[in-house]
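# Commentary on secondary and tertiary structure
What follows is the residue order along each chain.
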Amino acid sequence: MTEDRPGGEEAAHHLGVDIGGTKVALRVEAGARCVDETVFAWRPRHSADRDLAQLAEQVGTLRTRLTAPLRAVGVAMPATVGPDERITAWPSRPEWAGTDLGAALRALFPEAAVAWADDGDLGALAEAQAADCADLLYLGVGTGIGGGLVLRGDLCPGLGRGSFEIGHTVVELDGPPCVCGRRGCLQAIASGPATLRHAARLRGSDVTFDALRRAWRDGEPWAVTALRRTCRALAAAAVGVQELLHPQLLLIGGGFATALPGLDTLVSAQLAELSRPGRPRIDVKPASLGGLSSLRGAVALARLTGT
């Protein structure tokens, strides 16, 4: 399962780890080829120590399938990590707060160089590489709102300088409460769960994702209205970034958005309504990597770390 270089030298192994609130994905690449990819679901929530023990089990099993050591590991994290390498907040798994992420990852991968970054930032990096676009804004719509900005081929604000937290930009003053403690954040309005809650209010009964998807496909007014509100919030956030930093392309991804074909078109229409006369309109397209963007970005981070 490994790839050899000329002269018998084995290609370096780079591991990407995408740590999510409900599951973890791992991908190993040697040269330009994927040699292993696996996904596992977290066990019921208990403690960070138990989660890390489960991750260690999975990594140990992965190592038995590889025929060469890991050179570097890149980790995509949805949590907020402070300058002391400790997790300060992770709403999906709050029991991780206070965990020394740096120490935990170095203990897990003692043989390799290790780096981590925000999952939205890494998703943007991977999508920019896939789109061959040096100035790109990526919005990942799922359980939360992630995203990242690439300018002149580099992440903004840059690795080690903080993450691009577009999900916690305020797009509706006095809007619904967000898990971060503010009101009106993009995530509180346009995430998958927020959209379903709004759709349920419009419909007058609970709405599952499958019901929303069918209703969107069939053009039912309550579904269209709910998703128009979501897309207007996404467009408002994108307009703010465009006015300040001028990306050329906006990609819409994430598990929720990817499963609703045509959402990028609705975002584009909302952008047209919000655009300022005389300003160029940003192009909007669906992200090409789907739910794999953060994982591919984690591998890209491993490559950067292992050079």
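Higher on the page you've got the structure.
What counts and how
Residues numbered from 1 in each chain as written. Predicted model: local features only at pLDDT ≥ 70, side-chain atom pairs only at ≥ 80, totals over all residues. Heavy atoms only, no water. Helix = DSSP H or I, 4+ residues; strand = E, 2+ residues; numbered from the N terminus. Expected span 1.5 Å × (residues − 1). Buried < 20%, exposed > 50% of the residue type's maximum accessible area, 1.4 Å probe, protein only. Arc of directions from axis to C-beta. 1 Å grid on protein atoms, 1.4 Å probe; cavity = no way out; pocket = protein on both sides within 12 Å on 5 of 7 lines; lining within 4 Å. Points joined across faces, edges and corners; volume = space filled by probe spheres on them. Nonpolar A, V, L, I, M, F, W, Y, C, P; charged D, E, K, R; others polar. Contact = heavy atoms within 4.5 Å. Pairing = 2+ DSSP bridges. Axes fitted to C-alpha atoms, helices over the stretch in contact; angles between N-to-C directions. Phe/Tyr/Trp six-rings, centres within 6.5 Å; stacked < 30°, edge-to-face > 60°.

Moving on to helix H9 (residues 263–274). Look at H9: 17 Å from first C-alpha to last across 12 residues, which is about the 16 Å you get at 1.5 Å a residue. Every buried residue of H9 is listed here: Leu263, Asp264, Leu266, Val267, Gln270 and Leu271. What you see down the axis of H9 is that its buried residues fit within an arc of 160°, all on one side. Seen from the buried face of H9, the exposed residues on the opposite side, beyond 90 degrees, are Thr265 and Glu273.

Of the voids in this model, the second largest pocket is the one considered here, and its volume is about 460 Å³. Forming the walls of the second largest pocket are 22 residues, and the residues nearest its centre are Val81, Trp116, Ala117, Gly160 and Gly162. Elements that contribute at least two residues to the lining of the second largest pocket include exactly strand E5 (80–81), strand E7 (113–118) and strand E10 (154–156). Of the residues that constitute the lining of the second largest pocket, the class distribution is 11 nonpolar, six polar and five charged.

With that settled, the discussion passes to the environment of Ser288. Tracing the chain through its elements places Ser288 in the loop between strand E12 (283–286) and helix H10 (293–305). Owing to a relative accessible area of 54%, Ser288 belongs among the exposed residues under this scheme. Note: C-alpha distance between Ser288 and Glu273 (15 residues apart in sequence) is 26 Å. When sequence neighbours within four positions are dropped, the list of residues in contact with Ser288 reads Glu127 and Ala130.

What follows covers unusual backbone geometry. Omega for the peptide link from Cys156 to Pro157 comes to 10°, which places this bond in the cis form. A positive phi angle is found at Asp132, which is not glycine, with a value near 55°. Looking at the secondary structure, you find Asp132 in the loop between helix H3 (119–131) and strand E8 (136–141). Since its relative accessible area comes to 73%, Asp132 is described here as exposed. A positive phi angle is found at Asp174, which is not glycine, with a value near 65°. With respect to the helices and strands, the residue Asp174 is situated in the loop between E10 and helix H4 (186–190).

The strand order E10-E9-E8-E11-E12 describes an open sheet built from five strands, whose pairing is mixed. Each edge of the sheet is formed by a strand with only one pairing partner; in this case those strands are E10 and E12. Averaged over all neighbouring strand pairs, the angle between strand axes comes to 25°, with direction disregarded. With five bridges connecting them, E8 and strand E11 (residues 249–253) associate as parallel partners. Of the residues in E11, the one forming a bridge with Leu139 is Ile252. On the sheet, H3 packs against E8, strand E9 (145–151), E10 and E11 and is oriented at approximately 50° with respect to E9.

This model, assessed by the stated rule, comprises four aromatic pairs. Judged by centre distance (5.7 Å) and plane angle (85°), the rings of Phe40 and Trp42 are edge-to-face. In this structure, Phe40 and Trp42 share a single accessibility class: buried. Here the aromatic cluster, defined as three or more aromatic residues joined through ring pairs, consists of Phe40, Trp42, Trp90 and Trp96.

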